[in-house]
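Residues per chain, in single letters:
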Amino acid sequence: MCRNPSKYALLFLFLSLSGFIFLLRNIHTLESWNCHAISAFYQFQTRIHSSLMSVNLPTYNQNLTFCAHLGQKPFPEDKLEEHYLLDSIEWPGPPARFAPPSLRQTSDPVHSLFTILPHKERREWRIGDQLEALVQMHDYQGRPKHYGGDFLLARLHSPELGAGVAGTVVDHRNGIYSVLFPLLWVGSAQVEITLVHSSEAVAVLKHLREHRPDRVFFKSLFRLGFLSETTVCNMCLPSDQHSLCNYTDLYTGEPWYCYKPKILGCDTRINHAKGGYLKHLLTNKEALLFQSGVNIKVQIHASGKDRINVLPPEDDVEKENSSERTEPVKPKPSGYYFKDSWRPLGGTVMRHFNESAVITQCLRNKVINMYGDSTVRQWFEYLITLVPELKEINLHSPKNVGPFMAVDTTHNILLKYRCHGPPIRFSTVLSSELRYVFNELDGLSGGPNTVVVLSIWAHFSTFPVEVYIRRLRHIRRALLRLLGRAPETLVVIRSANLQALDAEVSLYNSDWYSLQLDTVLKAMFRGMDVLMVDAWEMSLAHHLPHALHPPQAIVQNMIDMLLSYVCPVTKSRTK
């Protein structure tokens, strides 16, 4: 009995030693095989990533536009409105058969001059009068221009009084422009006229808008497990180059496409982001039309005096006689500044909300829904900074993207912000958070305690205007449905504003693009039960520099305007 275990133990020991010796002799071979296998796997994965992460930009036929025809076929009345809107923003320019001029033949702000015309009936100026200045544009050789299309901005202001009002520019299409101002305050008033772009530069901007909607491009990341691919996306993509993933909104037909990934499916898209800006869009000759300090936002000087003194209004008899006179064009600004405070002219009484307690009292029991671009997100940020009772809830949203939410449980206030759907040039937005404003509006119950604030313009400047008209049409229909089921809902629309321009920004976000969109915006919502904060005139009339996100002094006036709509002055308060 004792021998057998010893015999088996010796046999087991022999086998163990043999296996150990075999392992030692072959361990290098095993390690080499394992490393090669793992290396091959990672090389395969790396090749996939490197090939799939590269973004190939589409090639556009510059003689065609891929945007205007997309989306659902408009109804006949929509098509008629579109024609009217496009006619209303038609912009004059160089003659059709005019050869592209050299820089010396284009509008030069230094050689151009303006003159304040004298009063037609008396020597002095009074409140209620209309001031007119005449601008004669010249080229760099000092020769007068004989066609219109220059983009001019004008304001009448008084630094001493903190006063300012936007002027109305009338293009006579012969190189001469009339600029009209209402006289609204007593004291000094100085005329300021600025050439934003020459008519030749505007012609280039118009061509870019119609034929190069790709100059801002977008991208999306597709991911499944360890595989990821990035492809180009846009509202307009040539379909003859790659297969497309169709993300068109099912309800409205708002189009959005991405190029289909090489391996992954269209349902694996996880985000949306701005891809970048295309460069080298201009010829050397065209580039000369966009020079900071030369022909972008340069002031035009007066040939004589550039300011007047305004006296108090006339007595009643003289005022009645003067009211019988009719002006060919009468400027109708939405408001003006006095003592750096905005004074609306549309009938709304402006209140000032300088203390957080006054704001919380105004917004008590309100739900404020803000939708749009970063210019309305700036309002959200202003309110939560000014009102400490509004506590922002951490939704783990990307910075500057959202969605964002803040609450004041004591006063029962809910403040929300969400960006609009594509095109949106934010850094990265999760696909699950891409929401169209019209769909969000359809999800609101509305009512007397609901406030809707919209600002949708800045990300549409690179597309043909028909794209913007279509988007606003869908939003307008959603607002009509909202106001139909909840007429007491308050809707406030923030318009476009001026911004700082240089040679590069002008090609994507020029104030000329913004002006065209702003004109369409105001026309499409005119007559509806919605209220407007005229950010265009509020930025033009103010003395502070133009900025995409206006300085705090201007934003404060905008918020005061918004809250004056939410909490208007009652009759008993005005007594």
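Our subject is the structure that appears above.
Residues numbered from 1 in each chain as written. Predicted model: local features only at pLDDT ≥ 70, side-chain atom pairs only at ≥ 80, totals over all residues. Heavy atoms only, no water.

Engineer: Lay out the overall build of the protein chain in plain terms, naming residues and giving numbers.
Structural biologist: A count of helical and extended segments in the protein chain gives 14 helices and 25 strands. Counting only residues that meet the buried cut, the protein chain has 50% of its 575 residues in that class. Of the contacts made within the protein chain by residues no fewer than 6 positions apart, 76% connect residues no fewer than 24 positions apart. Surface accessibility of the protein chain: about 28,200 Å² in total, with carbon and sulfur atoms responsible for 57%. (Helix = DSSP H or I, 4+ residues; strand = E, 2+ residues; numbered from the N terminus. Buried < 20%, exposed > 50% of the residue type's maximum accessible area, 1.4 Å probe, protein only. Contact = heavy atoms within 4.5 Å. Areas by Shrake-Rupley, 256 points an atom, 1.4 Å probe, with all protein chains shown as cover.)

Engineer: Requested: an account of the packing of helix α3 (residues 199-211) against helix α11 (residues 511-525), with residues and values cited.
Structural biologist: Contact pair α3 / α11: the axes reach a minimum separation of 10 Å and the direction vectors enclose 65°. As judged from the angle between their axes, α3 and α11 are roughly perpendicular. Judged by the twist between their axes, the crossing of α3 over α11 is right-handed. For the pair formed by α3 and α11, the contact residues are Val202, Leu205, Lys206, Leu208 and Arg209 on the first element and Trp512, Tyr513 and Gln516 on the second. (Axes fitted to C-alpha atoms, helices over the stretch in contact; angles between N-to-C directions. Parallel < 35°, antiparallel > 145°, perpendicular 65-115°, else oblique. Left-handed = near helix turned anticlockwise from the far one by under 90°.)

Engineer: Could you give an account of the pattern of salt bridges, naming the residues involved and the relevant values?
Structural biologist: Overall, the coordinates contain 26 salt bridges when judged by the stated rule. Close ionic contact of Arg477 with Asp78 constitutes a salt bridge, the shortest N to O distance being 2.4 Å. Here the residue Arg477 occupies a position in helix α9 (residues 465-485), and Asp78 occupies one in helix α2 (residues 76-88), the gap between them amounting to 399 residues. Assessed through its relative accessible area of 6%, Asp78 is described here as buried. In this structure, Arg435 engages Glu440 in a salt bridge whose closest nitrogen and oxygen atoms are separated by 3.5 Å. A single network of salt bridges, built from pairs that share partners, joins Arg122, Glu124, Arg126, Asp129 and Glu314. (Salt bridge = Lys/Arg side-chain N within 4 Å of Asp/Glu carboxyl O.)

Engineer: Account for the sheet that holds strand β12 (residues 257-259), naming residues and giving values.
Structural biologist: Strand order across the open sheet formed by six strands is β11-β12-β10-β9-β13-β22, with antiparallel pairing between neighbours. Looking at strand neighbours, the two that pair on one side only are β11 (244-246) and β22 (429-430), the edges of this open sheet. With two bridges connecting them, strand β13 (residues 271-277) and β22 associate as antiparallel partners. Looking at β22, one finds that Asn271 is bridged to Leu430. (Pairing = 2+ DSSP bridges.)

Engineer: Got a sec to walk through the sheet that holds strand β21 (residues 413-419)? Specific residues and values, please.
Structural biologist: Taken in spatial order, the seven strands make up an open sheet running β19-β20-β21-β18-β23-β24-β25, and their pairing is mixed. One side of each edge strand has no neighbouring strand; the edge strands of this open sheet are β19 (391-393) and β25 (531-533). Neighbour to neighbour, the strand axes of the sheet diverge by 20° on average, direction disregarded. As defined by bridge partners, strand β24 (residues 490-494) adjoins β25 across three bridges and the pair is classed as parallel. Within β25, the position partnered with Ile493 by the bridge is Met532. Its contacts with the sheet put helix α13 (residues 552-566) on β18 (367-372), β23 (450-455), β24 and β25, and the angle it makes with β25 is roughly 165°.

Engineer: Provide a residue-level description of helix α6 (residues 356-363), including the pertinent values.
Structural biologist: Those residues of α6 not exposed but buried are Ser356, Ile359, Thr360, Cys362 and Leu363. Taken end-on, α6 shows its buried residues confined to a sector of 160°, consistent with a single buried face. Buried positions along α6 lie against β18, α7 (374-386), β20 (404-408), β21 and α13. Positive backbone phi, at 65°, marks Asn365, one or two positions downstream of α6. (Arc of directions from axis to C-beta.)

Engineer: Lay out the pairing of strand β17 (residues 341-344) with the relevant residues and their values.
Structural biologist: Bridging between strand β16 (residues 335-338) and β17 involves four bridges; their strand directions are antiparallel. The partner of Tyr337 across the bridge, within β17, is Trp342. As consecutive antiparallel partners, β16 and β17 are separated by two residues, and within that stretch Lys339 has a phi angle of approximately 55°, a positive value.

Engineer: Can you tell me about the packing of α7 against α13, naming the residues and giving the values?
Structural biologist: In contact at an axis separation of 11 Å, α7 and α13 are set at 90° when each is read in the N-to-C sense. Considered as vectors, α7 and α13 are oriented roughly perpendicular to each other. Residue-level contacts link Gln378, Trp379, Tyr382 and Leu383 of α7 to Gln552, Val555, Gln556, Met558, Ile559 and Leu562 of α13. Across the contact of α7 with α13, the residue classes tally to seven nonpolar, three polar and no charged. (Nonpolar A, V, L, I, M, F, W, Y, C, P; charged D, E, K, R; others polar.)

Engineer: Summarise the pairing of β20; cite the residues concerned and give the values.
Structural biologist: Residues Phe404, Ala406 and Asp408 line the buried face of β20, whereas the alternating positions Met405 and Val407 sit on a face that is not buried. Of the pairings in the sheet, the one linking β19 to β20 comprises three bridges and is antiparallel in character. The partner of Lys391 across the bridge, within β20, is Val407. As judged from the five bridges shared by β20 and β21, these two strands associate in the antiparallel manner.

Engineer: So what about the nonpolar core? Which residues, and what values?
Structural biologist: In terms of nonpolar packing, the biggest core is built from 71 residues, with Leu441, Ile475, Leu479, Val520 and Phe525 touching the most fellow members. When residues in this core are grouped by element, the largest group, 10 residues, is from α9. Apart from the residues within four sequence positions on either side, Val520 is in contact with Leu85, Ile89, Val465, Tyr468, Ile469 and Leu472. With 46 residues, the next largest nonpolar core counts Met370, Ala541, Leu563 and Cys567 among its residues. (Core = buried A, V, L, I, M, F, W, Y, C linked by side-chain atoms within 4.5 Å.)

Engineer: Tell me about the state of the cysteines, residues and numbers included.
Structural biologist: What the rule picks out here adds up to three disulfides. Through a disulfide, Cys233 is tied to Cys258; the S-S separation comes to 2.0 Å. Across the S-S bond linking Cys233 and Cys258, the dihedral sits near 105°, which makes this disulfide right-handed. Note that Cys233 is positioned in strand β10 (residues 227-234) and Cys258 in strand β12, a separation of 25 residues in sequence. Owing to a relative accessible area of 0%, Cys233 belongs among the buried residues under this scheme. One disulfide in the model links Cys245 with Cys266; its S-S distance is 1.9 Å. Handedness of the Cys245-Cys266 disulfide follows from its S-S torsion of about -80°: it is left-handed. One end of the pair, Cys245, is in strand β11; the other, Cys266, is in the loop between β12 and β13, and 21 residues separate them in sequence. (Disulfide = S-S within 2.5 Å.)

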